[in-house]
Amino acid sequence: EFDNERDELDLDELNTTLEQCKISLKSFETKERFLWTRISRYRQLMKKREQYIFDLQSKCAASSIENSNAISDDYDEENRNGDNDRYDDLRKQVASLQEKHGHDRENLSSVEQIYKEILIELETLRRKIHDLEEKRTFISQKREECQEFLIAAAEMC
């Protein structure tokens, strides 16, 4: 009788642990979906920004070529200064965007690392749940076998 009570407690504890693991799994699955959506969106935005930076760099290079060509032509000083100012503004804008992009890439990398850790935790929880369910099934089967044995032994007496 005492062992049967202990087994019941063990099975109850196992069931409690199993339910807690399932709750944790659902929570981590929600976090995983949220982060995946965010990461995908940030990647798209960063790709667009990379293209924008490339376009600005091309515009900046074209402006530089125009400035060097204008120096050799009959080009008045006021126009040349205005072009130089626009060229400098483009260069500063490109540099600023590249710096921001670098910081954003680092931030995205840290979020991707968190995402990887969540994936690892998800797999760990899934395995633990699987193992606990197998253990519960094994205990239940052994308990049934013991009960059948006790009933058969009692009938023999």
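In this text the structure is predicted, and so the values were computed from the model without any measurement.

A. Representation of the overall build of the protein within the structure. Scanning the protein for helices and strands turns up two helices and zero strands. The buried share of the protein, reckoned over its 157 residues, is 19%. Within the protein, residue pairs in contact and separated by at least 24 positions form 90% of the contacts whose partners lie at least 6 positions apart. For the protein, the accessible surface area stands at approximately 12100 Å², while carbon and sulfur atoms represent 52% of it.

B. Local environment of the side chain of Glu-32. As for its position among the elements, Glu-32 is in helix 1 (residues 2-72). Although Glu-32 is buried, it forms no salt bridge, and the closest oppositely charged side chain is Arg-33 at an N-O distance of 5.5 Å. Not counting chain neighbours up to four residues away, the residues in contact with Glu-32 comprise Tyr-115, Ile-118, Leu-119 and Leu-122.

C. The pattern of salt bridges, seen in detail. What the rule picks out here adds up to nine salt bridges. A salt bridge links Glu-112 to Arg-43; the shortest N-O distance between them is 2.6 Å. Taken together, the positions of Glu-112 in helix 2 (residues 77-156) and Arg-43 in helix 1 put the pair 69 residues apart, joining distant regions of the chain. With a relative accessible area of 39%, Arg-43 lands in the partly exposed category. Each member of the salt-bridge network shares a partner with another, and the members are Arg-49, Lys-100 and Asp-104.

D. The nonpolar core, seen in detail. Counting residues in each nonpolar core, the largest one holds 14 residues, and the members touching the most others are Cys-21, Leu-25, Ile-129 and Leu-132. In this view, Leu-25 contacts Leu-122, Leu-125, Arg-126 and Ile-129; residues no more than four positions away in its chain are not counted. Listed in part, the seven residues of the second largest apolar core include Cys-60, Tyr-87, Leu-90 and Leu-97.

E. Region of interest: the side chain of Arg-49. Relative to the elements of secondary structure, Arg-49 occurs in helix 1. Here Arg-49 is in contact with Leu-97, Lys-100, His-101 and Asp-104, once residues within four sequence places are set aside.

Thresholds applied
- Residues numbered from 1 in each chain as written.
- Predicted model: local features only at pLDDT ≥ 70, side-chain atom pairs only at ≥ 80, totals over all residues.
- Heavy atoms only, no water.
- Helix = DSSP H or I, 4+ residues; strand = E, 2+ residues; numbered from the N terminus.
- Buried < 20%, exposed > 50% of the residue type's maximum accessible area, 1.4 Å probe, protein only.
- Contact = heavy atoms within 4.5 Å.
- Areas by Shrake-Rupley, 256 points an atom, 1.4 Å probe, with all protein chains shown as cover.
- Lys, Arg positive; Asp, Glu negative; His and termini not counted.
- Salt bridge = Lys/Arg side-chain N within 4 Å of Asp/Glu carboxyl O.
- Core = buried A, V, L, I, M, F, W, Y, C linked by side-chain atoms within 4.5 Å.

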